[in-house]
Amino acid sequence: MLTIKQARLLKSIVLHLVLLCVLVVGIYPLLWMFSTAFKPEDSVSLVSIMPTNPTLANIRKVLVDYPFWTFFSNSLMVSLGSTVVAIILGTLGGYALARMRAPGLDVIFMVLLFTLMVPVHVRLIPIFMIMHKMGLGNTLLALTIPHIASPISIFLSRQFFKTIPRDLDEAAIIDGCSWFMIFWRIIMPLSKPMISALFIVKFMGAWNDFIWPLMVTNTVSKYPLTVGLSLLRQQHSMNWGLNMAGASLASIPVIIVFLIFQRYFISGLAMSGMKN
């Protein structure tokens, strides 16, 4: 049996080990990426964080010598467009599953859960063939549509709406509200945490997607950032400063989005799983 003092010491050791793992696995690569972006090619080191001779040459080269802003605008349009539409459709679908009564809704929800278990890479070839048949290959619309069809948006919305008391709906119906007025004026204002969580999840998923844009685009003008940054790689060598400058610039919008919506992120995800 451990004494109280030994138990506290063991708890402290475990806590410090966990924090060390978080630092090494999560924070250190991020710091190294940002610091390497300001290092000359001959001074890049895996150990040192602070650049000894900081330079903006890598940032300048990425912004000037490469079509960075074309890639950036493509990613921004695809990510914002797909996120907004996915949230609108997802909340409407979640509201129908959570609040309305109709035959087959439970079956639809079970099918929805099944689609969440299917790996996304399994669906890539069928989606690619559909886009090709529709004549949407090598277009921004082809990059956007797969992210709009979002089972996770419907699932999280449905779970969150289950936590809102039905008494609010009944009171609104007595006052003469339609189902859409209840959804827009009562449910949505109470759903800011869930919507914030959905925005972060969907925006980051669309922004960081690589495999699908690599499959469906074949011209530089249609590349998003994830695919466009691969042009920074040289044929027989790797300029780490240049590549980390591109990666740092590409990560800034994701960090900004998370900082804006992180206030509601945890509570939105937590409350979305409270009821079945």
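Residues numbered from 1 in each chain as written. Predicted model: local features only at pLDDT ≥ 70, side-chain atom pairs only at ≥ 80, totals over all residues. Heavy atoms only, no water.

**Q** Would you mind showing me how to read the overall build of the protein here?
**A** Scanning the protein from terminus to terminus reveals 13 helices and zero strands. Tracing the protein from N to C terminus, the helices and strands come up as α-α-α-α-α-α-α-α-α-α-α-α-α. Over its C-alpha atoms the protein spans a radius of gyration of 23 Å, topping by over 25% the 19 Å that the globule rule assigns to 276 residues. Projected onto its principal axes, the C-alpha positions of the protein cover 70 × 70 × 35 Å. Of all intrachain contacts in the protein linking residues separated by at least 6 positions in sequence, the fraction that spans at least 24 positions is 74%. By element, 72% of the accessible surface of the protein is carried by carbon and sulfur atoms, the whole surface being about 16500 Å². (Helix = DSSP H or I, 4+ residues; strand = E, 2+ residues; numbered from the N terminus. Rg over C-alpha atoms; globule rule 2.2 N^0.38 Å. Contact = heavy atoms within 4.5 Å. Areas by Shrake-Rupley, 256 points an atom, 1.4 Å probe, with all protein chains shown as cover.)

**Q** Sorry, what's going on with the packing of helix H4 (residues 105–117) against helix H7 (residues 151–161) here?
**A** A pair of packed helices is characterised by two quantities: the angle between their axes and the separation of those axes. For the pair H4 and H7, the least separation of the axes is 9 Å and the interaxial angle reads 130°. Taken together, the axes of H4 and H7 lie oblique to each other. Between H4 and H7 lies a crossing whose hand is left-handed. Across the interface between the two elements, Phe-109, Leu-112, Leu-113, Thr-115 and Leu-116 from H4 touch Pro-151, Ile-152, Ile-154, Phe-155, Arg-158 and Gln-159 from H7. A per-class count over the contact of H4 with H7 returns eight nonpolar, two polar and one charged. (Axes fitted to C-alpha atoms, helices over the stretch in contact; angles between N-to-C directions. Parallel < 35°, antiparallel > 145°, perpendicular 65-115°, else oblique. Left-handed = near helix turned anticlockwise from the far one by under 90°. Nonpolar A, V, L, I, M, F, W, Y, C, P; charged D, E, K, R; others polar.)

**Q** Can you walk me through the nonpolar core in this structure?
**A** Within the largest apolar cluster, 35 residues are counted, with the highest numbers of intra-cluster contacts made by Val-62, Phe-68, Tyr-95, Phe-161, Ile-187, Trp-207 and Leu-225. Looking at this core, the elements with two or more residues in it are helix H2 (57–65), helix H3 (68–99), H7, helix H9 (179–187), helix H10 (192–208), helix H12 (225–228) and helix H13 (240–271). Counting residues in hydrophobic clusters, the runner-up holds eight residues, among them Met-131, Ala-142, Leu-143 and Val-216. (Core = buried A, V, L, I, M, F, W, Y, C linked by side-chain atoms within 4.5 Å. Buried < 20%, exposed > 50% of the residue type's maximum accessible area, 1.4 Å probe, protein only.)

**Q** Teacher, can you tell me more about the environment of Gly-241 here?
**A** Within the fold, Gly-241 resides in helix H13. The sequence separation of Gly-241 and Ser-79 amounts to 162 residues, and the corresponding C-alpha distance is 27 Å. For Gly-241, the contacting residues outside a window of four places in its chain are Thr-36, Ala-37, Lys-39, Val-44 and Asn-58.

**Q** What is the right way to look at empty space enclosed by the protein in this model?
**A** Unoccupied space between atoms shows up once a probe the size of one water molecule is rolled over them. What the rule picks out here adds up to one cavity of 30 Å³ or more. Here the largest cavity is characterised by a volume of approximately 70 Å³. Contributing to the lining of the largest cavity are Asn-74, Ser-75, Val-78, Ser-79, Leu-143, His-147, Ala-206, Trp-207, Asp-209, Pro-213, Pro-224 and Thr-226. Those elements that place two or more of their residues in the lining of the largest cavity are H3, helix H6 (140–148) and H10. The element contributing the most residues to the lining of the largest cavity is H3, with four residues. (1 Å grid on protein atoms, 1.4 Å probe; cavity = no way out; pocket = protein on both sides within 12 Å on 5 of 7 lines; lining within 4 Å. Points joined across faces, edges and corners; volume = space filled by probe spheres on them.)

**Q** Looking at this structure, how should I read unusual backbone geometry?
**A** Negative phi is the rule for most residues except glycine; trans is the rule for most peptide bonds. Positioned with a positive phi, Asn-138 is a non-glycine residue whose angle comes to about 60°. Locating Asn-138 in the fold gives a position in the loop between helix H5 (124–133) and H6.

**Q** Looking at this structure, I do not really get the packing of H3 against H7. What am I missing?
**A** Closest axis-to-axis distance for the H3/H7 pair is 7 Å, and the angle between their directions is 45°. If you check the angle between H3 and H7, you find them oblique. Classified by chirality, the crossing of H7 by H3 is right-handed. Counting all contacts with H3, which are made through Ala-86, Gly-90, Thr-91, Gly-93, Gly-94, Tyr-95, Leu-97, Ala-98 and Arg-99, the residues of H7 involved are Ser-153, Ile-154, Ser-157, Arg-158 and Phe-161. Looking at the contact of H3 with H7, its residues break down into six nonpolar, six polar and two charged.

**Q** How should the layout of surface pockets be read in this particular structure?
**A** Taken as a whole, the largest pocket spans an internal volume of roughly 660 Å³. The wall of the largest pocket is formed by 25 residues, among which Val-120, Arg-123, Pro-146, His-147 and Ala-149 lie closest to the centre. Residue assignment for the lining of the largest pocket shows that the elements contributing at least two residues are H4, H5, H6, H7, H10 and helix H11 (211–216). With four residues, H5 is the largest single contributor of residues to the lining of the largest pocket. Listing elements by their share of the lining of the second largest pocket, those giving two or more residues are H3, helix H8 (167–174) and H9.

**Q** Got a minute to help me understand H9 in this structure?
**A** Helical geometry note: an α-helix holds 3.6 residues per turn, so side chains three or four residues apart project in the same direction. Every buried residue of H9 is listed here: Ile-182, Phe-183 and Ile-187. Projected down its long axis, H9 shows its buried positions confined to an angular sector of 100°, all on one face. In H9, the exposed residues that point more than 90 degrees away from the buried face are Trp-184 and Arg-185. Among the structural elements, H3, H7 and H8 are those in contact with the buried residues of H9. (Arc of directions from axis to C-beta.)

**Q** What should I look at first to understand the pattern of salt bridges in this one?
**A** Note that side chains of opposite charge can pair when their charged atoms are close. Enumeration over the complete set of coordinates arrives at one salt bridge. Notably, a salt bridge pairs Arg-99 with Asp-169, separated by 2.8 Å at the nearest N-O pair. Highlighted residues: Arg-99 in helix H3 and Asp-169 in helix H8, separated in sequence by 70 residues. (Salt bridge = Lys/Arg side-chain N within 4 Å of Asp/Glu carboxyl O.)

**Q** Explanation requested: H10 in the structure shown.
**A** The end-to-end C-alpha distance of H10 is 24 Å, a good match for the 24 Å that 17 residues give at a rise of 1.5 Å each. Taken as a whole, H10 has its buried residues at Pro-193, Met-194, Ser-196, Ala-197, Leu-198, Phe-199, Ile-200, Lys-202, Phe-203, Ala-206 and Trp-207. (Expected span 1.5 Å × (residues − 1).)

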